[in-house]
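# Structural description and commentary
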Amino acid sequence: EPEVTQTPSHQVTQMGQEVILRCVPISNHLYFYWYRQILGQKVEFLVSFYNNEISEKSEIFDDQFSVERPDGSNFTLKIRSTKLEDSAMYFCASSEPGHSGEKLFFGSGTQLSVL
Amino acid sequence: QQQVKQSPQSLIVQKGGISIINCAYENTAFDYFPWYQQFPGKGPALLIAIRPDVSEKKEGRFTISFNKSAKQFSLHIMDSQPGDSATYFCAASFTGYSSASKIIFGSGTRLSIRP
């Protein structure tokens, strides 16, 4: 079964450093998302992306965050200058054509620890 | 207005019993209501979903009951099994848009099934 792949599974970084979280969505999917989950808490929306541009972003997704689809397969989340409160599990998700807002397939996540 | 409120926060059910998780929403423009299941260290996975034009949807042991007038919906797990022990999230979204429409998650319910 096709799946969303995220790398790395764990990322440890120093406060103020830049990190790039990588995702390979399911190949025929057109809608892409980043969510984050602080340990044991709710899954929070960060940003959605379609047709090479951001569709929507949350208040969390400030100027320190950016997303990119540099080629036909990868979808990346960059945090320019990490803060302690950015420590969380980051999930990438995608959905297929005609299913915007439904049937999101999630990756297994990248656990980001900012020290 | 875009919140989805979920209860209880945690639930313990005997094997073979019925697990019931409840959610409420405010925005009547939501038109898709999924439930996601999450195991530790994994991303959420779509379990079952309903649209507001039906009052109930059943898939195997999992049933969604939907009350449009009360703006509430619930997940019922019949004959609960230890393998059902996971965190369950209700969610809501707007669909049918050409851009990438987000899914908004409830706060989650940690379900434990006692053998």
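Our subject is the structure listed above.
Quick caveat, the model's predicted, so the values are computed rather than measured.

What counts, and at which threshold
- Residues numbered from 1 in each chain as written.
- Chains lettered and ligands numbered in written order.
- Predicted model: local features only at pLDDT ≥ 70, side-chain atom pairs only at ≥ 80, totals over all residues.
- Heavy atoms only, no water.
- Helix = DSSP H or I, 4+ residues; strand = E, 2+ residues; numbered from the N terminus.
- Rg over C-alpha atoms; globule rule 2.2 N^0.38 Å.
- Buried < 20%, exposed > 50% of the residue type's maximum accessible area, 1.4 Å probe, protein only.
- Contact = heavy atoms within 4.5 Å.
- Lys, Arg positive; Asp, Glu negative; His and termini not counted.
- Charge placed at Lys NZ, Arg CZ, Asp CG, Glu CD.
- Buried area = accessible area lost by both parts, 1.4 Å probe.
- Salt bridge = Lys/Arg side-chain N within 4 Å of Asp/Glu carboxyl O.
- Polar contact = N/O pair within 3.5 Å; in protein donor to acceptor, adjacent residues only side chain to side chain.
- Nonpolar A, V, L, I, M, F, W, Y, C, P; charged D, E, K, R; others polar.
- Disulfide = S-S within 2.5 Å.

### Digging into the overall build of chain A
Of the regular secondary structure elements, chain A holds 0 helices and 11 strands. Along the chain direction, N to C, the helices and strands of chain A fall in the order β-β-β-β-β-β-β-β-β-β-β. The C-alpha radius of gyration computed for chain A amounts to 13 Å, which stays within 12% of the reference 13 Å derived for 115 residues, consistent with globular compactness. When the backbone C-alpha atoms are referred to their principal axes, chain A occupies close to 40 × 30 × 25 Å. Counting the 115 residues in chain A, one finds 46% classified as buried. Put simply, of all contacts in chain A between residues at least 6 apart along the chain, 55% involve residues at least 24 apart. Each charge class in chain A can be summarised by its mean position, and for the 9 positive and 15 negative side chains these summaries are 3 Å apart.

### Let's talk about the interface of chain A and chain B
Taken together, the 24 residues of chain A in the interface contact 25 residues of chain B. Across the chain A/chain B interface, buried area totals approximately 1800 Å², and carbon plus sulfur atoms make up 54% of it. In this assembly, chain A and chain B are joined by 2 salt bridges. On the surface where chain A and chain B come into contact, there are 13 residue pairs in polar contact (both at pLDDT 80 or more). Going through the elements one at a time, β4 (31-37), β5 (43-50) and β6 (53-57) of chain A are the ones with two or more residues in the side of chain A that touches chain B. Residues of the side of chain A that touches chain B, tallied by class, amount to 11 nonpolar, 9 polar and 4 charged.

### A word on the state of the cysteines
Counting across every chain of the model gives 2 disulfides over all chains. Here C23(A) is linked by a disulfide to C92(A), with a sulfur-sulfur distance of 2.0 Å. Classification of the bridge connecting C23(A) and C92(A) rests on its S-S torsion, roughly -65 degrees, and on that basis the disulfide is left-handed. Of this pair, C23(A) sits in strand β3 (residues 19-24) while C92(A) sits in strand β9 (residues 88-95), placing them 69 residues apart in sequence. Given a relative accessible area of 0%, C23(A) falls into the buried group. Bridging C23(B) to C90(B), the disulfide has an S-S length of 1.8 Å. Its torsion about the S-S bond being -90 degrees, the disulfide of C23(B) and C90(B) is classed as left-handed. Taken together, the positions of C23(B) in strand β3 (residues 19-25) and C90(B) in strand β9 (residues 86-93) put the pair 67 residues apart, joining distant regions of the chain. Owing to a relative accessible area of 0%, C90(B) belongs among the buried residues under this scheme.

### What about the pattern of salt bridges?
Applying the stated rule across the entire model yields 5 salt bridges over all chains. Residue K102(B) pairs with E56(A) through a salt bridge whose shortest N-O separation is 2.8 Å. Pair noted here: K102(B) is in the loop between β9 and β10 (103-105) and E56(A) is in strand β6, and the two residues belong to different chains. Ionic pairing is found between R51(B) and E102(A), a salt bridge with its closest N-O pair at 2.8 Å. Of this pair, R51(B) sits in the loop between β5 (45-50) and β6 (56-59) while E102(A) sits in the loop between β9 and β10 (105-106), each in a different chain. Look at R51(B) and you get partly exposed, because its relative accessible area is 30%.

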